[in-house]
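Next come the chains, spelled out residue by residue.
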Amino acid sequence: MNKQTRKIIGEIFFYILIAIIAIYLIFPFYWALISALKTEGELIAAPATFFPKEITFRNFQAVFTNTAFLRGILNSFIVAGSTTLFSLMVGAFAGYALGKLRFRGRTPTLYTILAMTMFPAVAILSGLFQVIKAIQDIAWLNVPTLVLLILIYMVFTLPFTIWVLTSFFRGLPDSLLQAAQVDGATFLQTFWYILLPLTAPALVTTGLLAFIGAWNEYLFALTFTLQEPGSRTVPVAISQLGGRFAMQEPTGELMAAALIITVPLITLVLIFQNRIVDGLTAGAVKG
Amino acid sequence: MAVSTKAPKARQLSDLARQEERTAWWLLFPSLLLLFLIGIYPLAQVFYLSTTNKRFASSQPTEFIGFANYRDLLSMTVRELPVQLDEAGQPVIEDGKKQYESWVRVLPREPLRYRAAFEFGFFGKRYVIGAVNADFIKSVWDTIVFTVVAVALETLIGLIIALALSRKFFGRSVMRTAMLVPWAIITVVSSLIWEWMFKSNRSGFFNALFDRLGWGDGNTVFLVNPALQMPSIIAIDVWKTAPFMALLLLAGLATIPRELYEAAEVDGANKIRKFFSITLPLLLPTMAVALVFRTLDSLRVFDLFQVVFGERRYSMATFAQFTLVSNKDMGLSAAASVIIFIILFIFAIIYMRSLKVDA
C-alpha cells in the first residue's frame, strides 16, 4: 500500500469519526423532533418508526395553548433576565473594586468569592428555606415569589460574575486610571466613563453565562414554587407537564415543548458562540 | 525645608489611599450584603439546623438534639447472613445457588432500627451492610459511583472529540457550534428526552434499536431495573457534558506550540509518540482544572436524578431535597447537606493535592 492510498483511507476514517460524533450530539434532538411530529397512535406503536409516517402539528398547537407552559416561559424570561441584569450591575462594582483598587482585606474577600463559585446549591437549601420563609412572613411586604427567585439566583450568578469581571478589570492597563486621576476624575467617574465601556465584551460574556445558568436552574425553582404553580419557571413547568393529564403520558406534547424552549438557547449559542467559549474556557486554560 | 515639603505630600497620599479604600468597600457593599443574606447566613443556618429536630408545618417544638441527625444518617453495620436451612438442617438450594436468610433476622432493631443498604458475597460467605438510613447511604454510594464513572467517560470521549476537532476540516465551525448545544440545553429537558428514548417497550428508541439488532427482548426496563439504572443515567450525563469537556480540552490544545510537533517530526516521532510525549503532558493542566469542575458538579447532581428517577433512586442532592420538601424534616435534610458539603470539600482537597492545581 503506498503513501497516497494510506492517506486516503486515513481521511475516510477521520470523516467517519466526525460523522459519528455529529450524530451522537444531534440524535436526541432528532428523536424529540420526530416524536413531536408523530400522531398519538404512531407514538405509542411498537416498534418505533425512525421517520414519522404522517406528520402532525397538533402537539405544537397543544403546547402553544397550554397556559401553564406559556406562563413558565414568561416567568423564566423575567427571572433569568433580571438575575443577569442585577448580577452585572452589582458585580461590575465589586469586580472594579477587587480588580483595580488597593485596600486591606482584598485577598480574603477574593478567596471567599472564589469559594462561593464552587458552593453546592443543595448545601444551603434548608437555610435558604428559613430565610425565604422569614421574608414571606412579613405580610405587609408581600414579596412575589418571582422576586424571591431572582434574589436566590444571585447566590450562584453573582460570585461567578464578580470573579470573571475582577480578572477582566485587572487586565486593563493602570495607565488609564492614572491618566484619569491626573485629570481630576473621581474613582466613580473613572469607573463609569472609562472602565465600563471597555468591559462591555466581558459583560456580554458573563451576562450570557449567568442568563443560561438562571434559565436552566431547577433545584431552587422546584423547591420554592411548590405551593405556587403561577410562579413556576420553564424547567419546573415542563417537568410537571406530564402530571396534568393523568390518563396518558403526553409524550408528543412534552417533546414539542422541549424543542420550543431549546430554540431560544440555540439562537443565543449561534449568535454568541465565540464569546461563550471564551467565557467557559477563561478559568480553565492558562494561556 | 525638604522635610516640610515632604510631610504634606505623604499625608496627601495616605488620604488618597484611605479614600480609595473607602470607595472600594462602598463598591463591594451591595455584593457582600447580598452574598451574606443568601449565601453565608443560610449556610450558618444549615449547620445550626443540622443539630435540631426542626420540622416545618409541624406543631412539634424544635429542640437541640446534638449529633443525633448525623448518627441517624451515618450509622452502619456489617453482618453475615446465615445460610437458609430446611427442616432436615440442609442448606436450601434454588437454581443451583445457596439461599440465605433475610437481613431482617440479623440486623439490629434496638435502639436504632437498621435496614439493608447492600448485600455482597466475600470468600463464599454472604454479608449485608445495614444502615439506619439505608436510602442516604445508598445515595452517597450511588453519587460517588456516578461521579467516578461519568467523569472518566466524559474525559475520554471529550478527549477523542477534542483531538478530532483540533484538525482543520470542512464543517469544523458547524461542529463546534453543535458541541455547545448539549451544554446549553436545560438539563430537565435533555433528561426528559432521554427518558423517552429509554422507554420500557419498543416504542422507545433504545428498545427498538436493540430489538432490531437482536439484543434483549424489546421490553428492557432501563430506568427501573436496578442493574441498568446507573449505566442509563451515566449515558445521559456523558452525552450532556462530554462536549463541554471537549471544548475545554480544545482550548487547551490550541495553546500547545506547533513548533514542538515540528521538532518531533524532524526527530522522526510517530503520531502515537507525539501524543504521549507532547499532547498529553501539555494538556494535563487544562484537563486537571476541567476534572475538578466536572467532579464537583457531578457530586451535587440534582436535575438529572430528580427527573429520571424521582424517588426511586436518590443522589445525595435529591435525597436532601426530598427529605426537606416531602418529609418536611429540616434537621435531617440540613445534616445531609452538611455531609454533602464535607464530601465535596474532601474531593476538592484530594484533587488540588494530587493534581497540584494552584489557585
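Residues numbered from 1 in each chain as written. Chains lettered and ligands numbered in written order. Predicted model: local features only at pLDDT ≥ 70, side-chain atom pairs only at ≥ 80, totals over all residues.

## Quick word on the overall build of chain B
Selection criterion: Here a strand is any run of E in DSSP of at least two residues, a helix any run of H or I of at least four, and the numbering for each starts at the N terminus. The globule rule used here is 2.2 Å times the number of residues to the 0.38 power, and the radius of gyration it is set against is calculated over C-alpha atoms. Here the C-beta atoms are placed from the backbone, and a residue counts as buried if at least 20 other C-beta atoms lie within 10 Å of its own, exposed if 12 or fewer do, and partly exposed otherwise. What counts as a contact is two residues whose backbone-derived C-beta atoms lie within 7 Å of each other.
From N to C terminus, chain B includes twelve helices and five strands. Its C-alpha atoms give chain B a radius of gyration of 28 Å, clearly above 21 Å, the size a compact globule of 359 residues would have. The principal-axis extent of the C-alpha atoms belonging to chain B is close to 115 × 70 × 40 Å. A total of 359 residues make up chain B; the buried ones form 38% of that total. Taking the intrachain contacts of chain B between residues at least 6 apart in sequence as the baseline, contacts between residues at least 24 apart amount to 60%.

## What about the domain arrangement of chain B?
Our working rule: Boundary definitions for the domains trace back to an automatic or database domain assignment.
Segmentation of chain B into domains returns domain 1 (76-132) and domain 2 (135-316 + 343-355). Just the C-alpha atoms count here: the centres of domain 1 of chain B and domain 2 of chain B sit 37 Å apart.

## A few points about the interface of chain B and chain A
Taken together, the 79 residues of chain B in the interface contact 81 residues of chain A. If you tally residues by element for the side of chain B that touches chain A, the top one is helix 1 (residues 2-49) of chain B, at 20 residues.

## A short note on helix 4 (residues 172-184) of chain B
Note the following rule: To estimate the expected span of a helix, count its residues, drop one, and scale the result by 1.5 Å.
Taking 1.5 Å of rise per residue, the 13 residues of helix 4 of chain B would be expected to cover 18 Å, and the 19 Å separating its terminal C-alpha atoms lies within 8% of that figure. Among all positions in helix 4 of chain B, only Met179, Leu180, Pro182, Trp183 and Ala184 of chain B are buried.

## Observations regarding the pairing of strand 5 (residues 125-131) of chain B
All names here are of chain B. Quick reminder of the rule: A pair of strands is treated as paired once DSSP finds two or more bridges between them.
Inspection of the sheet shows strand 1 (residues 76-81) paired to strand 5 by six bridges, in the antiparallel sense. Its bridge partner being in strand 5, threonine 77 is matched across the sheet by glycine 130. In this structure, strand 4 (residues 115-122) lies alongside strand 5, joined through seven bridges in antiparallel fashion. Note on strand 5: the bridge partner recorded for phenylalanine 122 is lysine 125.

## Some thoughts on the packing of helix 4 (residues 67-100) of chain A against helix 10 (residues 200-216) of chain A
Residues and elements named next belong to chain A. Filter applied, for reference: Orientation is described by axes fitted as lines to C-alpha atoms, over the contacting stretch for helices, and by angles from 0 to 180 degrees between their N-to-C directions. Relative orientations are named as follows: roughly parallel for angles under 35 degrees, roughly antiparallel for angles over 145 degrees, roughly perpendicular for angles from 65 to 115 degrees, and oblique for any other angle. Two helices crossing with the near one rotated counterclockwise from the far one by less than a right angle form a left-handed crossing, whereas a clockwise rotation gives a right-handed crossing. Polarity classes work like this: nonpolar for Ala, Val, Leu, Ile, Met, Phe, Trp, Tyr, Cys and Pro, charged for Asp, Glu, Lys and Arg, and polar for all others, with Gly in that last group.
In the contact formed by helix 4 and helix 10, the axes pass within 9 Å of each other and the chain directions differ by 140°. Regarding the angle of helix 4 to helix 10, the classification is oblique. Judged by the twist between their axes, the crossing of helix 4 over helix 10 is right-handed. Contacts from Ser76, Val79, Ala80, Thr83, Thr84, Ser87, Leu88 and Ala92 in helix 4 reach Leu203, Thr206, Gly207, Ala210, Phe211, Ala214 and Trp215 in helix 10. Partitioning the contact of helix 4 with helix 10 into residue classes produces nine nonpolar, six polar and no charged.

## Considering the nonpolar core
Note the threshold: Put simply, a nonpolar core is a cluster of buried Ala, Val, Leu, Ile, Met, Phe, Trp, Tyr and Cys residues tied together by C-beta atoms within 7 Å.
Membership of the largest hydrophobic core comes to 168 residues, with the highest contact counts inside it found for Leu149, Ile238 and Ala258 of chain A together with Ala246 and Leu249 of chain B. When sequence neighbours within four positions are dropped, the list of residues in contact with alanine 258 of chain A reads Ala32 and Ile238 of chain A together with Val189, Leu192 and Ile193 of chain B.

## With respect to the sheet that holds strand 5 of chain B
Think of a sheet as strands paired side by side through backbone hydrogen bonds, with each pair either parallel or antiparallel. Residues and elements named next belong to chain B. Here three strands make up an open sheet; going across it, the order is 1-5-4 and the pairing antiparallel. Strands at the two margins of the open sheet, each flanked by one partner only, are strand 1 and strand 4. Strand-to-strand twist across the sheet, computed as the mean angle between neighbouring axes with direction ignored, equals 25°. Relative to the sheet, helix 3 (residues 134-165) contacts strand 1, strand 4 and strand 5, its axis offset from that of strand 4 by approximately 55°.

## Some thoughts on the environment of proline 243 of chain B
Along the polypeptide, proline 243 of chain B turns up in helix 7 (residues 226-254). Exposure remark for proline 243 of chain B: the 27 C-beta atoms within 10 Å place this residue in the buried category. Taking the C-alpha atoms as reference points, proline 243 of chain B and methionine 179 of chain B, separated by 64 residues in sequence, lie 5.2 Å from one another. In contact with proline 243 of chain B, other than residues within four places in its own chain, are Leu25 of chain A together with Ile161, Met179, Pro182 and Trp183 of chain B.

## Structural notes on the confidence of the model for chain B
All names here are of chain B. This is how the line gets drawn: Every residue gets a pLDDT, meaning the predictor's confidence in that residue, from 0 to 100.
Considering every residue of chain B, the mean pLDDT works out to 87; 95% of them sit at 70 or more. The least confident element of chain B, judged by mean pLDDT, is strand 3 (residues 97-98) at 79; the most confident is helix 3 at 95. Every residue in residues 1-6 scores below 50 in pLDDT, and together they form zero contacts with partners more than four places removed in sequence or on other chains. Listed scores for the predicted complex are pTM 0.89 and ipTM 0.89.

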